[in-house]
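Notes for the structure review
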Amino acid sequence: MTKKLFVKTYGCQMNVYDSERMAGALEGQGYEVTEDQAEADMILLNTCHIREKAAEKVYSELGRLKPLKAANPDLKIGVAGCVAQAEGEEIIRRQPMVDLVVGPQAYHRLPEMDAKLQTGARAIDTEFPEEDKFEHLPKARGPKASRAPTAFLTVQEGCDKFCAFCVVPYTRGAEVSRPAERLLAEARDLVERGVVEITLLGQNVNAYEADGWSLARLIREMAKVDGLERIRFTTSHPNDMSEDLIAAHGEVEKLMPYLHLPVQSGSDSVLKAMNRKHTAEKYLRVLEKMREARPDIALSGDFIVGFPGESDADFEATLALCEEVRYAQAYSFKYSPRPGTPAAGREDVDEAVKSERLARLQAMLTAHQAEFQAAQVGKVLPVLLEKPGRLEGQLVGRSPYLQAVHLQADPSDVGTIIPVKIMASEKNSLAGVRDTTTSGAI
């Protein structure tokens, strides 16, 4: 008898990838994915621990699941991911209805854990196993007809940087890179099932190193896969932007002209307090080299406002950096202490000051994004059509710069790359029409 699995995913693209692989791991136990919590035999919350009060949000979600558990005592409820790793047995202590807790490095053991659940026992695994979980997982799921044209592929996990604000080294562990041949095989399998764009994922993806392979070499080899048209990667650290990776942006046609490279602050004193191990000037020189290699590259970044000790002058340095870079897209947040990190016990910046600074920074970033968006109007861009839009006859795709593009097109065009003339810039997307006069190459 088929059982139903509902997975709710929080956080980054790596969690999206992990959720798909967890679902695949449970297929052999007779589960199939459902979008309806009410019909589920198992509900998995795949959690993220990066943002403020992440654990409390999970407990709130578990509280909302109590009526389902009360109505169906056989329903199994599990917590996976980074909150599971950080909280462990505390989750079951606070929410006794939870049956399963599994950390991000152990989800290949889900079949054994499910078998234990069927005996009436609970299952907890937050270890960092010595074996490679990917070796024990089935291939990514889905026939060609059911695959989206884009896919994530985790190539590296963990982080050795130990930034003072970040929990990743404690929840994901040390940096580990997957063997290149396995990644190339997985990429070929994805392409055979309809994928035309792959995003390579890692907590610190450009630190990838496996048997002498760098991320640049992996990208160059992956670009040789027939049928794979686009390659992206995220998230990177400035200290690992090697010369060969920079060169690849100018030499590998399939590598898209978009780079997400977090800096977090424009102040050297704040960067030092964050343990970032780079200066603002070093970061800017990396971007300068990137633009020399690929002049049209779109840049994205992350910023933390109000880090402990941040002065008005420090914040002004961040604004100055943003003014110089002019990001096509950027993400910014108020600092919030993460339990167990070195910065957690430091004297915090006043909340009102944080809010005022964040508003100023976001106003600047929004203006720069709008500027970049508007610059695309009138251009013809190759757009990968991904899915139906909200309006009848509308499809949504992505430009090389990762912008959403809306246009009228036939549903059968999903999965193809077509030239689109950009007609208008909207708040977070572009609008265009199919262009019949050009190939749309950039």
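Bear in mind that the values here come from a model prediction, so they are computed numbers and not experimental data.

Turning to the overall build of the chain, a few remarks are in order. Within the chain, the regular secondary structure consists of 13 helices and 21 strands. When contacts within the chain are restricted to residue pairs at least 6 apart in sequence, those whose partners lie at least 24 apart make up 71%. For the chain, the exposed area adds up to about 19,200 Å²; of that, 51% sits on carbon and sulfur atoms. Charge-centre separation for the chain: the mean point of 55 positive side chains lies 2 Å from the mean point of 66 negative side chains.

Looking now at the pattern of salt bridges. Counted by the stated rule, this structure contains 32 salt bridges. Between Asp114 and Lys3 there is a salt bridge, and its shortest N-O distance comes to 3.7 Å. Pair noted here: Asp114 is in helix α5 (residues 110–117) and Lys3 is in strand β1 (residues 3–9), with a separation of 111 residues, a long-range link. Measuring nitrogen to oxygen at the nearest pair gives 3.0 Å for the salt bridge that ties Asp348 to Lys354.

As a further point, take the packing of helix α11 (residues 280–293) against helix α12 (residues 312–325). The geometry of α11 relative to α12 is characterised by a closest axis approach of 12 Å and an angle of 10° between their N-to-C directions. Comparing the axis directions of α11 and α12 gives the class roughly parallel. Where α11 approaches α12, its residues Ala280, Tyr283, Leu284, Arg285, Leu287 and Arg291 are matched on the opposing element by Leu321, Glu324 and Val325.

What follows deals with the packing of aromatic side chains. For the coordinates displayed, the defined rule picks out five aromatic pairs. Ring centres of Phe162 and Tyr170 lie 5.7 Å apart, and the angle between their planes is 75°; on these two criteria the pair is classed as edge-to-face. Using a relative accessible area of 38% as the deciding quantity, one classes Tyr170 as partly exposed. Here Phe372 and Tyr401 contribute two aromatic rings whose centre-to-centre distance is 5.6 Å and whose plane-to-plane angle is 90°, an arrangement assigned as edge-to-face. Of this pair, Phe372 sits in helix α13 (residues 351–374) while Tyr401 is found in the loop between β18 (394–398) and β19 (404–408), placing the two residues 29 residues apart along the sequence. With relative accessibility at 19%, the residue Phe372 sits in the buried group. Judged by relative accessible area, which is 8%, Tyr401 ranks as buried. Put simply, the rings of Phe165, Phe307 and Tyr335 touch in pairs and so form one group of aromatic residues. The residue whose ring lies beneath Arg94 is Tyr59, and the NZ or CZ to ring-centre distance is 3.8 Å. The ring of Trp213 carries Arg217 above its face, with NZ or CZ at 3.8 Å from the centroid.

The subject of this paragraph is the sheet that holds strand β15 (residues 298–305). Spatially, the three strands line up as an open sheet ordered β14-β15-β16, and their pairing is parallel. Whereas interior strands pair on both sides, the edge strands pair on one side only; in this sheet they are β14 (258–260) and β16 (329–334). Each strand of the sheet is rotated relative to its neighbour by a mean of 10°, with strand direction disregarded. Bridge count for β14 against β15 is three bridges, and the pairing is parallel. Residue pairing in the sheet places Leu259 in a bridge with Leu299 of β15.

Once that is clear, we can look at the environment of Ala370. Tracing the backbone through its elements, the reader meets Ala370 in helix α13. Distance from Ala370 to Lys427, taken between C-alpha atoms, is 7.1 Å for residues 57 residues apart in sequence.

Turning our eyes to something else, we now look at unusual backbone geometry. At the junction of Thr234 and Thr235, the peptide bond is cis and its omega measures out at 0° in the coordinates. Within the fold, Thr235 resides in the loop between β13 (230–234) and α9 (243–251). Positive phi, normally seen in glycine, also occurs at Arg326, with a value near 60°. Here Arg326 falls in the partly exposed class, since its relative accessible area comes to 32%.

Attention now moves to α13. Between its first and last C-alpha atoms α13 spans 34 Å; for 24 residues at 1.5 Å apiece the expected length is 34 Å, and the two agree. Residues of α13 that are buried: Lys354, Arg357, Leu358, Leu361, Met364, Leu365, His368, Gln369, Phe372 and Gln373. Contacts made by the buried residues of α13 are with β15, α12, β16, β20 (417–425) and β21 (429–434). The N-cap residue of α13 is Asp350: its side-chain oxygen and the backbone nitrogen of Ala352 are 3.0 Å apart.

Right, let's get into the sheet that holds β19. Pairing is mixed in the closed barrel, where five strands are placed in the order β17-β18-β19-β21-β20. Across the sheet, the mean angle from the axis of one strand to that of its neighbour is 55°, orientation sign disregarded. Inspection of the sheet shows strand β17 (residues 380–388) paired to β20 by five bridges, in the antiparallel sense. Among the inter-strand pairings, Leu381 is bridged to a residue of β20, identified as Val420.

Definitions and limits used
- Residues numbered from 1 in each chain as written.
- Predicted model: local features only at pLDDT ≥ 70, side-chain atom pairs only at ≥ 80, totals over all residues.
- Heavy atoms only, no water.
- Helix = DSSP H or I, 4+ residues; strand = E, 2+ residues; numbered from the N terminus.
- Contact = heavy atoms within 4.5 Å.
- Areas by Shrake-Rupley, 256 points an atom, 1.4 Å probe, with all protein chains shown as cover.
- Lys, Arg positive; Asp, Glu negative; His and termini not counted.
- Charge placed at Lys NZ, Arg CZ, Asp CG, Glu CD.
- Salt bridge = Lys/Arg side-chain N within 4 Å of Asp/Glu carboxyl O.
- Axes fitted to C-alpha atoms, helices over the stretch in contact; angles between N-to-C directions.
- Parallel < 35°, antiparallel > 145°, perpendicular 65-115°, else oblique.
- Phe/Tyr/Trp six-rings, centres within 6.5 Å; stacked < 30°, edge-to-face > 60°.
- Buried < 20%, exposed > 50% of the residue type's maximum accessible area, 1.4 Å probe, protein only.
- Lys NZ or Arg CZ within 6 Å of the ring centre and 35° of its normal.
- Pairing = 2+ DSSP bridges.
- Expected span 1.5 Å × (residues − 1).
- Polar contact = N/O pair within 3.5 Å; in protein donor to acceptor, adjacent residues only side chain to side chain.

In short, the description is geometric, and any link to function would need to be established separately.
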